[in-house]
Amino acid sequence: MIRFVDLKAQYHGIKEEIDSAVMSVLESTQFVLGKEVASFEEEFADYCQVKHGVAVNSGTSALHLAFLAAGIGPGDEVITVPNTFIATVAAICYTGATPVFVEMDEKSFTMDPQKIEAAITNRTKAIVPVHLFGQMADMDPIMTIARKHNLLVIEDAAQAHGAEYKGRRAGSIGDLGCFSFYPGKNLGAYGEGGLVTTNNPEYVKTMRMLRDWGAETKYYHDLKGYNYRMEGMQGAILRVKLRHLEKWIEARRAHAALYTSLLKGSSVAPPQEMDYAHHVYHLYVIRTPQRDALQKALQSKDIQNGIHYPIPVHLQKAHADLGYKRGDFPLTEQVADEILSLPMYAELSNADIRQVVEAIQAF
Ligand SMILES: *Cc1c(COP(=O)(O)O)cnc(C)c1O
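Residues numbered from 1 in each chain as written. Predicted model: local features only at pLDDT ≥ 70, side-chain atom pairs only at ≥ 80, totals over all residues. Heavy atoms only, no water.

### Digging into the site of the ligand
Okay, step 1: Around the ligand lies a shell of 16 residues, among which Gly59, Thr60, Gln159, Ser180 and Lys185 are the nearest.
Okay, step 2: Within the side chain of threonine 60, an N or O atom sits 2.5 Å from an oxygen atom of the ligand.
Okay, step 3: Contact between the ligand and serine 180: an oxygen atom at 2.6 Å from a side-chain N or O atom of the residue.
Okay, step 4: When the ligand is considered free in solution it has 380 Å² of accessible area, and contact with the protein chains removes 93% of it. (Near = heavy atom within 4 Å. Polar contact = N/O pair within 3.5 Å; in protein donor to acceptor, adjacent residues only side chain to side chain. Areas by Shrake-Rupley, 256 points an atom, 1.4 Å probe, with all protein chains shown as cover.)

As structure tokens, this is what we get:
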């Protein structure tokens, strides 16, 4: 069998460092926040080329807190894309604001900057580009439009740890950047985790309060807050894993290059790395009109794969109240029917990649 991801292989590569980090948290009893989490916040912010990091208990919580810190609430509109994981849109709804969708760019599968201005109204408060599959959205035009209309930009960087746009890291260009450390992400905890990056100390202060019941001093609750704190164990584990991240990204990029060169001349379209991008290949996503049949063929050869995502958010039943219908985003809808994610993780072998491509060619 060829796995889609193999978290066990990764653990075995760093077992001693992880085990000793976990043991040290057990001895310290700093199970919630604490010094490991504080150190991780500094180290990850540094990695992202920003001043501050606020660690939380999931990527969804990171988005929610970033939106609240940005002052987004009922009556506001927030522009994002329908081709994303549901959490981007759910977190907008948690604040009481209304998500407004725009179409994607066909090459990058990220927000098409040319579609943004038509979606702006006098209620629009922010733009939320999603750095999908490990490649950043086209940030220069997005920032220009945002500044022109006095809007905030919050990057959904949940799939883009270490990704770059013209040499600048994901999470460092918008007003706030949101990361997930769900186990399968490029930097994954052993449980749930998330973090918000920003250069704005006011946002940091608000988010530190909101993640811990709205209190700066224990039991003095100035804001209506949440329990969004990161666990000490996850902070310690993420500090260890952050030291390996660049090496893992390079391995992913090498796997992607091999896939793409072997797929040349086949009937499937490989992902396109934009000129502006340093793609970190959270997912390696090919496109073919015969997707469903190809998926069956791979499954019959025990090659795991995935579809990210089969139903765009504007067509999900949970968000039917937004009033969108099939046909509103034709490109997004067509791409959702044609994409397939191939096995991708740092420890994947070249022999496995060759076998996957042979199965595609045989099909
Ligand atoms: C994973 C993900 C999230 C949510 O992160 P969780 O840690 O699972 O809450 C948000 N947005 C995108 C694009 C994601 O891939």
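### Side note on the sheet that holds strand 8 (residues 176-180)
Okay, step 1: The seven strands are arranged 1-9-8-5-4-2-3 in an open sheet whose pairing can be described as mixed. With one partner strand each, in any of the chains shown, strand 1 (52-56) and strand 3 (98-101) form the two edges of the open sheet. Across the sheet, the mean angle from the axis of one strand to that of its neighbour is 25 degrees, orientation sign disregarded.
Okay, step 2: Note that strand 4 (residues 124-127) and strand 5 (residues 152-156) share two bridges and pair parallel. Considered in strand 5, the bridge of isoleucine 127 is made with valine 153.
Okay, step 3: Helix 4 (residues 59-69) rests against strand 1, strand 5, strand 8 and strand 9 (194-198) of the sheet, and its axis sits at about 165 degrees to strand 8.
Okay, step 4: Strands in contact with helix 6 (residues 139-148) are strand 4 and strand 5; relative to strand 5, the strand with the most contacts, it is inclined by about 150 degrees. (Pairing = 2+ DSSP bridges. Helix = DSSP H or I, 4+ residues; strand = E, 2+ residues; numbered from the N terminus. Axes fitted to C-alpha atoms, helices over the stretch in contact; angles between N-to-C directions. Contact = heavy atoms within 4.5 Å.)

### A word on empty space enclosed by the protein
Okay, step 1: Using the criterion set out here, one finds three cavities of 30 Å³ or more in the structure.
Okay, step 2: Each pocket or cavity is described by its volume, and for the largest cavity that value is around 130 Å³.
Okay, step 3: Elements supplying a minimum of two residues to the lining of the largest cavity: helix 1 (7-13) and helix 9 (245-263).
Okay, step 4: For the lining of the largest cavity, the per-class residue count stands at six nonpolar, four polar and five charged.
Okay, step 5: By volume, the second largest cavity amounts to about 100 Å³.
Okay, step 6: Taken together, 15 residues form the lining of the second largest cavity, with Asn83, His308, Tyr309, Ala336 and Ile339 sitting closest to its centre.
Okay, step 7: Residue contributions to the lining of the second largest cavity peak at three residues, all from helix 11 (residues 330-338).
Okay, step 8: Considered class by class, the residues forming the lining of the second largest cavity number eleven nonpolar, four polar and no charged. (1 Å grid on protein atoms, 1.4 Å probe; cavity = no way out; pocket = protein on both sides within 12 Å on 5 of 7 lines; lining within 4 Å. Points joined across faces, edges and corners; volume = space filled by probe spheres on them. Nonpolar A, V, L, I, M, F, W, Y, C, P; charged D, E, K, R; others polar.)

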